[in-house]
There are 2 protein chains.
Amino acid sequence: MNAMSRVELGRLISFIERGEPLAPRQKRLIHSPTSARVIGITGPPGAGKSTLVDALIASYRRLSARVAVIAVDPTSPVTGGAVLGDRVRMGRHAVDDGVFIRSMGSRGRTDGLSPSVRDASRVLSNAGYDPIFIETVGVGQIELGVVECCDLRILVLAPLWGDYIQAVKAGVIEMIDLVVVNKADLPGAGALVHELEQALHGKRGSEVRVVMASANQGDKGAESVPPAIDSAWQILSSSGLTQRRIEATEAELVNRVQDTFANGPLRGAIRAGNAQLLAEQVTLGTISASEAATELFKVALATCTRTGNGPTVKKEP
Amino acid sequence: MNAMSRVELGRLISFIERGEPLAPRQKRLIHSPTSARVIGITGPPGAGKSTLVDALIASYRRLSARVAVIAVDPTSPVTGGAVLGDRVRMGRHAVDDGVFIRSMGSRGRTDGLSPSVRDASRVLSNAGYDPIFIETVGVGQIELGVVECCDLRILVLAPLWGDYIQAVKAGVIEMIDLVVVNKADLPGAGALVHELEQALHGKRGSEVRVVMASANQGDKGAESVPPAIDSAWQILSSSGLTQRRIEATEAELVNRVQDTFANGPLRGAIRAGNAQLLAEQVTLGTISASEAATELFKVALATCTRTGNGPTVKKEP
């Protein structure tokens, strides 16, 4: 564990987000192997995810764990208001030094967590935070990509939203470890739990649990959730945790390589004026868009090979 | 103009979406220079975009124009229900052979229209459809990317939604040619128009107009919109239309090149097992994620240079 204040941590995560150079001590926080439980929480707007996370923070703090929350906003900046609202709602933990809450943009990435969110959770793990909750609003494919990069995956639903069918249709259900039916005091909660259990039973056997909560009724309303998380964690650790972490890292590496290509060779080709020239020709009808793209791709690759086959490998401590 | 039935057009667009090989006649529809007005319509959920598009279809059909609508769903597949609903609502035009309506996924792309949507609008233009409306629900950065790829950009807002402030904050207002305040029969419409005019006045001069509509009150409720579109089109044609088309095409080329890299060299490196091997080492803590990504990037580039510097240029007719 590394003694770093929340202010220092916040600054470091901002550096990571902006891709700024890091001090050796900061790099160590990223590059050391991590052990914290990274728990993804997703669900449709209105299911009460933030209220639930707020209650979970309180629960885990009673066990004197240091708890972190990263709220990933897939639609930043326009709908940033929602996440901002969530942060305000979690404000009772703002004075608690053992709680770190941060919202991060997804940088338009819909195929998984952005590398900077992954690095931020590495930093938080190595700074002694455990569990780390990654909360994201469920907007289609985006939610899938984000929760797929977490160790444990929780889906939060509420009755009367009809999102259950959407979740089943989209295959979200199939990759979830635990379902929380929140707002369980509303009519239809029992029926939703029943439907979910039916849907889950046929698919992955009995290890996926469905629990009810009423997180808006204070921490007591969500007291069923931490034990359910712990037992889902037990199941995961004894089966596929390492494999899951490897798969999430593989997805991260692919994202990183795409970024390297976009920010390196491709940007080089655009700067050299080739993209604009080709776009003019396509607009005039001289060549087709696919021919122009093939040409631009060649220019980008030529840039690479000229400069010695890719970027320099920076050895990190 | 190319005599192609709506069924044939629909099939061709499906081929484009799936990246299937096309017949020479089909390729010509994509590769001929296009002339149709491509009009992007965006706005928050609930602003009444589809009802407005429905009314616009009726207006332009009275001028005996062939009209096409592509509904781009940025969050497909989970929230696909919304677009499906929109299509049902536009059902009265289903029997009209001069109207082509289609929904397409954005393939998780948030940085602009997917190349297949661009190609579909080329096909529709060369099949005699004009105008072509590209409708997308405004979800943050996604809406910006999509409307930036259209010739003319319309923002639809409704009073009482508070989205005006969001739109101003996110800079959406600054790239819009026309604002439609829909649901103008609701209280607050006049105040919203006033606010918008104030916001627009300072920024881009008086050429951006704000018009009111009540598209839910039938086609008459939206009759102010087609003349406003026509006059915005006049302004655009006499100033920056070509430049705007070049910029949109440049963004498209960049997207295409990224896809070529991801589906070619990067996929090759992943298939060769390098991504998984590196992911294992990162998970074990042997190397850092950024080092592993640099390594994977090198492998991907080596694949390219071995096979002769990129993919073969297919000459298209």
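Residues numbered from 1 in each chain as written. Chains lettered and ligands numbered in written order. Predicted model: local features only at pLDDT ≥ 70, side-chain atom pairs only at ≥ 80, totals over all residues. Heavy atoms only, no water.

K.L.:
Can you lay out the overall build of chain A for me, pointing to particular residues and giving the numbers?
P.N.:
A count of helical and extended segments in chain A gives twelve helices and seven strands. The 317 residues of chain A split such that 55% are buried. The contacts in chain A between residues at least 6 apart in sequence include a share of 77% that link residues at least 24 apart. Of the roughly 13,000 Å² that chain A leaves accessible, carbon and sulfur atoms contribute 53%. (Helix = DSSP H or I, 4+ residues; strand = E, 2+ residues; numbered from the N terminus. Buried < 20%, exposed > 50% of the residue type's maximum accessible area, 1.4 Å probe, protein only. Contact = heavy atoms within 4.5 Å. Areas by Shrake-Rupley, 256 points an atom, 1.4 Å probe, with all protein chains shown as cover.)

K.L.:
Can you tell me about the packing of helix 1 (residues 6-18) of chain A against helix 5 (residues 115-126) of chain A, naming the residues and giving the values?
P.N.:
Residues and elements named next belong to chain A. Where helix 1 meets helix 5, the closest approach of the two axes is 9 Å, and the angle between their N-to-C directions is 155°. One element, helix 1, and the other, helix 5, form an angle in the roughly antiparallel class. When you trace helix 1 past helix 5, the crossing you get is right-handed. Taken together, the residues of helix 5 that come into contact with helix 1 (itself represented by Leu-9, Leu-12, Ile-13, Ile-16 and Glu-17) are Ser-116, Asp-119, Ala-120, Val-123 and Leu-124. Per-class residue counts for the contact of helix 1 with helix 5 are seven nonpolar, one polar and two charged. (Axes fitted to C-alpha atoms, helices over the stretch in contact; angles between N-to-C directions. Parallel < 35°, antiparallel > 145°, perpendicular 65-115°, else oblique. Left-handed = near helix turned anticlockwise from the far one by under 90°. Nonpolar A, V, L, I, M, F, W, Y, C, P; charged D, E, K, R; others polar.)

K.L.:
Explain the side chain of B:Arg102 to me, and be specific about the residues and the numbers.
P.N.:
Residues and elements named next belong to chain B. Inspection of the secondary structure assignment puts Arg-102 in strand 3 (residues 99-105). Looking at Arg-102, the relative accessible area reads 14%, which means it is buried. A distance of 3.0 Å separates the side chain of Arg-102 from the side chain of Glu-17, its partner in a polar contact. Not counting the four nearest positions on each side in its chain, Arg-102 is found in contact with Gly-10, Ile-13, Ser-14, Glu-17, Val-69, Ile-70 and Ala-71. (Polar contact = N/O pair within 3.5 Å; in protein donor to acceptor, adjacent residues only side chain to side chain.)

K.L.:
Explain the environment of B:Val69 to me, and be specific about the residues and the numbers.
P.N.:
Examined against the element boundaries, B:Val69 turns out to sit in strand 2 (residues 67-73). In this structure B:Val69 comes out as buried when scored by relative accessible area, which is 0%.

K.L.:
Give a description of the pattern of salt bridges that names residues and reports values.
P.N.:
Residues and elements named next belong to chain A. Inspection of the entire model under this criterion finds 30 salt bridges over all chains. Here Asp-151 and Arg-245 are joined by a salt bridge, their closest N and O atoms 2.8 Å apart. Taken together, the positions of Asp-151 in the loop between helix 6 (141-148) and strand 5 (152-157) and Arg-245 in helix 10 (residues 241-271) put the pair 94 residues apart, joining distant regions of the chain. What makes Asp-151 buried here is its relative accessible area of 7%. (Salt bridge = Lys/Arg side-chain N within 4 Å of Asp/Glu carboxyl O.)

K.L.:
How would you summarise the packing of aromatic side chains if you had to cite specific residues and measurements?
P.N.:
Summed over the entire model, instances satisfying the criterion amount to seven aromatic pairs over all chains. Taking the centre distance of 4.0 Å and the plane angle of 5° together, the rings of A:Phe261 and B:Phe261 count as stacked. A residue pair is termed interchain when its members come from two chains, as with A:Phe261 in helix 10 and B:Phe261 in helix 10 (residues 241-271). Feature note: the residues A:Phe261, A:Phe297, B:Phe261 and B:Phe297 constitute an aromatic cluster, connected by ring pairs. Positioned over the ring face of A:Tyr129 is A:Arg66, at 4.7 Å from the centre of the ring. (Phe/Tyr/Trp six-rings, centres within 6.5 Å; stacked < 30°, edge-to-face > 60°. Lys NZ or Arg CZ within 6 Å of the ring centre and 35° of its normal.)

K.L.:
Can you lay out the pairing of strand 6 (residues 178-181) of chain A for me, pointing to particular residues and giving the numbers?
P.N.:
Residue and element names in this part refer to chain A. Neither face of strand 6 is open: one carries Leu-178 and Val-180, the other Val-179 and Val-181, and all of them are buried. Sheet analysis places strand 5 next to strand 6, joined by four bridges and oriented parallel. Each residue of the ladder has a partner; that of Leu-155, found in strand 6, is Val-179. (Pairing = 2+ DSSP bridges.)

K.L.:
Now, about the nonpolar core: what can you tell me, with residues and values included?
P.N.:
Within the largest apolar cluster, 38 residues are counted, with the highest numbers of intra-cluster contacts made by A:Phe261, A:Leu296, B:Leu253, B:Phe261 and B:Leu296. If you list the elements that add at least two residues to this core, you get helix 10, helix 11 (274-284) and helix 12 (289-306) of chain A together with helix 10, helix 11 (274-284) and helix 12 (289-306) of chain B. Excluding anything up to four places from it in sequence, A:Phe261 contacts A:Leu266, A:Arg267, A:Phe297, A:Ala300, B:Val257, B:Phe261 and B:Phe297. (Core = buried A, V, L, I, M, F, W, Y, C linked by side-chain atoms within 4.5 Å.)

K.L.:
Which residues make up the confidence of the model for chain A, and what are the values?
P.N.:
Residue and element names in this part refer to chain A. When the pLDDT values of chain A are averaged, the result is 81; 78% of them are 70 or greater. No element of chain A has a lower mean pLDDT than helix 4 (residues 80-89), at 45, and none a higher one than helix 9 (residues 225-237), at 94. This stretch, residues 76-85, has a pLDDT under 50; its non-local contacts, to residues over four places away or in other chains, come to 17 contacts. Low pLDDT, under 50, characterises residues 308-317; the stretch is placed with 24 contacts to residues that sit more than four places away or in other chains. Taken together, the chains of this predicted complex give a pTM of 0.77 and an interface ipTM of 0.81. (pLDDT = per-residue confidence, 0-100.)

K.L.:
Tell me about the side chain of B:Glu291, and please be specific about residues and values.
P.N.:
As for its placement among the helices and strands, B:Glu291 is situated in helix 12. For B:Glu291, the side chain forms a polar contact with the main-chain nitrogen of B:Ser288, separated by 3.0 Å.

K.L.:
I'd like a description of the environment of B:Ser224, backed by residues and values.
P.N.:
All names here are of chain B. In this fold, Ser-224 is placed in the loop between strand 7 (209-212) and helix 9 (225-237). You can call Ser-224 partly exposed: its relative accessible area is 28%. A C-alpha to C-alpha distance of 35 Å links Ser-224 and Leu-12, two positions 212 residues apart in sequence. Dropping the residues within four chain positions of it, Ser-224 is found in contact with Val-211 and Met-212. A distance of 2.8 Å separates the side chain of Ser-224 from the backbone oxygen of Met-212, its partner in a polar contact.

K.L.:
Describe unusual backbone geometry, listing the residues and the values that go with them.
P.N.:
All names here are of chain A. With an omega of 5°, the peptide bond running from Asp-130 to Pro-131 counts as cis. Inspection of the secondary structure assignment puts Pro-131 in the loop between helix 5 and strand 4 (132-137). The residue Ser-64 is not glycine, and still its phi comes out positive at about 55°. Structurally, Ser-64 is set in the loop between helix 3 (49-62) and strand 2 (67-73).

K.L.:
I'd like a description of the state of the cysteines, backed by residues and values.
P.N.:
The tally for this structure, following the rule as stated, stands at zero disulfides over all chains. B:Cys149 takes part in no disulfide bond, and the closest cysteine sulfur, belonging to B:Cys150, lies 6.8 Å away. (Disulfide = S-S within 2.5 Å.)

K.L.:
Go over the environment of A:Leu124 with me, naming the residues and quoting the values.
P.N.:
All names here are of chain A. Within the secondary structure, Leu-124 sits in helix 5. Leu-124 gets classed as buried once you look at its relative accessible area, which sits at 0%. Expressed as a C-alpha distance, the spacing of Leu-124 and Glu-8, which sit 116 residues apart in the sequence, is 11 Å.

K.L.:
Quick rundown of helix 9 of chain B? Include the residues and the values.
P.N.:
All names here are of chain B. When the terminal C-alpha atoms of helix 9 are compared, their 18 Å separation across 13 residues agrees well with the 18 Å that a helix rising 1.5 Å per residue should span. When helix 9 is considered as a whole, its buried residues turn out to be Val-225, Pro-226, Ala-228, Ile-229, Ala-232, Trp-233 and Leu-236. For helix 9, the angular spread of buried residues about the axis comes to 155°, placing them on one side. (Expected span 1.5 Å × (residues − 1). Arc of directions from axis to C-beta.)

K.L.:
Quick rundown of helix 3 of chain A? Include the residues and the values.
P.N.:
Residues and elements named next belong to chain A. Here helix 3 contains 14 residues, and its C-alpha end-to-end distance of 20 Å stays within 8% of the 20 Å for a straight helix at 1.5 Å per residue. Of all 14 residues in helix 3, eleven are buried; the element is thus mostly enclosed. Regarding helix 3, the residues found buried are Lys-49, Ser-50, Leu-52, Val-53, Asp-54, Ala-55, Leu-56, Ile-57, Ala-58, Ser-59 and Tyr-60. Following helix 3 by one or two positions, Ser-64 has its phi on the positive side, about 55°.

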